[in-house]
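# Results of the structural survey
Listed below are the residues making up each chain.
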Amino acid sequence: PAEETFSLGTRKIDTEELLEYATYLKWEDLRLFGTPFQMNVWKKLFDLPRKLYSYTELAALVDNPQGVRAVAHVVALNPVAYVIPCHLVVPKESLDKAAEIHSLAQKTVPAVQPGRGRLRLWQRAQAGTHQTAVGRMKLLEVCCGNLDSVHAAVKGGAPRIELCSSLELDGLTPSWEDLCTARALYPQLTIHVLIRPRPGDFCYSPAELQQMAADIRTALSLGADGIVIGCLTPSGDVDVPAMQVLMADARHVTFHRAFDVCRQPFDALETIIGLGCTRLLTSGQAPTVAEGTDMVRALRERADGRIGLLPGCGVTPRNARRILELTGCTEIHASASHTVNGRKVTSSRTVAAILRQINPAFGRGILPE
């Protein structure tokens, strides 16, 4: 029903999407999300059970319809919006107009002094340098092949992970014990689970598809927030019937780098969009995404907002910002790993370094170390 979504500019926000952001955000990070008014709404969203609410239900439960709409602007900007002292959150293209309408030039001091990070952003906005000083938060998804990597990703400040096993085999379905432990330890972390029963190609038999479908149901029942899958035909096209089997019970689906061996990338993109996938993980069909930025940008432009593009493969603190600049993407995927006793383990320092590189406006001391 129309009530299940509400329009924010040109984008419609699903109430379940709004709750997803509320669950992966850490309370201490909410100082980046606006005024005490909005933070109070976020806190109430944290406490709601995970389910799909209509906007009317959500507004009633939070007891603040205006507040729900205000924080939805944050989601629309995926996820950090521009904060101005008039207690409104506005997108970049509206910042100058909003500043004029709400007399930002009068340099009125906010009623509540913000934290150091927000104060710095506000001061820059007052100085007229907000266009370059403030930007959208770029999201880092960390690929974690074991629990040690999950701990490191969280310590480094990652809001979302892809949980798998056997990174040396390019990732397989994780153990349910690892998923249960990660979910219990980090209830606010967004966990997307890779479903891949074996190494090798992405052409699956009917028996393998049934196993994968069962694994998807199990992962979601154990607290997974999203699913990462990909099926191809022997000729190198997206296997639509196989994907439909897996999509039947899945949600928030990322189509993984099986895409990078598709023979017709733009046709494959349209097929993946048609299947209803949320995002596409890709290196731009190159050995590393740093070499495939032109293709990733072309795919993003072709998608035109119908699906999220998630560049990944070979991402480091040295190239992460440049990859996002060249592709125009707002999310990036990295393992941020080093080798310890013969296995790949995520480095919390590398995670934090990538976050600082892709979100320079917030600087050291704003993002968690």
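Keep in mind that this is a model prediction, so the values were computed, not measured.

Parameters and conventions
Residues numbered from 1 in each chain as written. Predicted model: local features only at pLDDT ≥ 70, side-chain atom pairs only at ≥ 80, totals over all residues. Heavy atoms only, no water. 1 Å grid on protein atoms, 1.4 Å probe; cavity = no way out; pocket = protein on both sides within 12 Å on 5 of 7 lines; lining within 4 Å. Points joined across faces, edges and corners; volume = space filled by probe spheres on them. Nonpolar A, V, L, I, M, F, W, Y, C, P; charged D, E, K, R; others polar. Salt bridge = Lys/Arg side-chain N within 4 Å of Asp/Glu carboxyl O. Helix = DSSP H or I, 4+ residues; strand = E, 2+ residues; numbered from the N terminus. Pairing = 2+ DSSP bridges. Axes fitted to C-alpha atoms, helices over the stretch in contact; angles between N-to-C directions. Contact = heavy atoms within 4.5 Å. Core = buried A, V, L, I, M, F, W, Y, C linked by side-chain atoms within 4.5 Å. Buried < 20%, exposed > 50% of the residue type's maximum accessible area, 1.4 Å probe, protein only. pLDDT = per-residue confidence, 0-100. Expected span 1.5 Å × (residues − 1). Arc of directions from axis to C-beta. Polar contact = N/O pair within 3.5 Å; in protein donor to acceptor, adjacent residues only side chain to side chain.

This part covers the layout of surface pockets. In this structure, the second largest pocket occupies an estimated 710 Å³ of space. For the second largest pocket, the lining is made up of 28 residues, of which Leu167, Asp170, Arg257, Cys313 and His333 are closest to its centre. Considering only residue class, the lining of the second largest pocket consists of 13 nonpolar, nine polar and six charged.

The final tally for this structure, using the stated rule, is 13 salt bridges. Across the pair arginine 322 and glutamate 325 runs a salt bridge whose closest N-O atoms are separated by 3.7 Å. One end of the pair is arginine 322 and the other is glutamate 325, both in helix α14 (residues 320-327) and three residues apart, which spans about a single turn. Three or more residues are tied together by salt bridges with common partners; here these are Glu141, Arg160, Arg279 and Glu331.

Another point: the sheet that holds strand β12 (residues 331-334). Sheet architecture is open: eight strands sit in the order β11-β10-β9-β8-β7-β6-β5-β12, paired in parallel fashion. The strands lining the two open edges of the sheet, one partner per strand, are β11 (308-311) and β12. Shown here is a sheet whose adjacent strand axes are inclined to one another by a mean of 25°, direction ignored. Of the strands in this sheet, β10 (279-282) and β11 are in contact with helix α13 (residues 293-303), which crosses β11 at around 170°.

Let us now look at the nonpolar core. The biggest cluster of nonpolar side chains holds 64 residues, and the ones touching the most others in it are Leu140, Ile161, Ile229, Met243, Phe255 and Ile307. With six residues, the single largest contributor to this core is helix α10 (residues 206-221). In this structure, Cys143, Cys164, Leu167 and Leu194 belong to the second largest nonpolar core, which totals five residues.

Quick look at the confidence of the model for the protein now. Per-residue pLDDT for the protein has a mean of 76; in total, 63% of the residues score no lower than 70. With pLDDT under 50 throughout, residues 24-34 is counted as low confidence; its partners more than four residues away or in other chains account for 41 contacts. With pLDDT under 50 throughout, residues 77-135 is counted as low confidence; its partners more than four residues away or in other chains account for 91 contacts.

Between its first and last C-alpha, α10 extends 23 Å over 16 residues, near the 22 Å set by a 1.5 Å rise per residue. For α10, the set of buried residues is Glu208, Leu209, Met212, Ala213, Asp215, Ile216, Ala219 and Leu220. Down the axis, α10 shows its buried residues gathered within 160° of arc, on one side only. Exposed side of α10, more than 90 degrees from the buried face: Pro206, Ala207 and Ser221 are the residues found there. Looking at the buried side of α10, the elements it contacts are α9 (176-185), β7 (190-194), β8 (226-229) and α11 (240-247). Two residues or fewer after α10 comes glycine 223, characterised by a positive phi angle close to 110°.

Quick look at the side chain of glutamate 141 now. Within the secondary structure, glutamate 141 sits in strand β5 (residues 139-144). At a separation of 2.8 Å, a polar atom in the side chain of glutamate 141 contacts the side chain of arginine 160. Side chain to side chain, glutamate 141 and histidine 333 meet in a polar contact 2.6 Å long. The residues touching glutamate 141, leaving out its near neighbours within four places in the chain, are Arg160, Ile161, Glu162, His192, Leu310, Ile332, His333 and Ala334.

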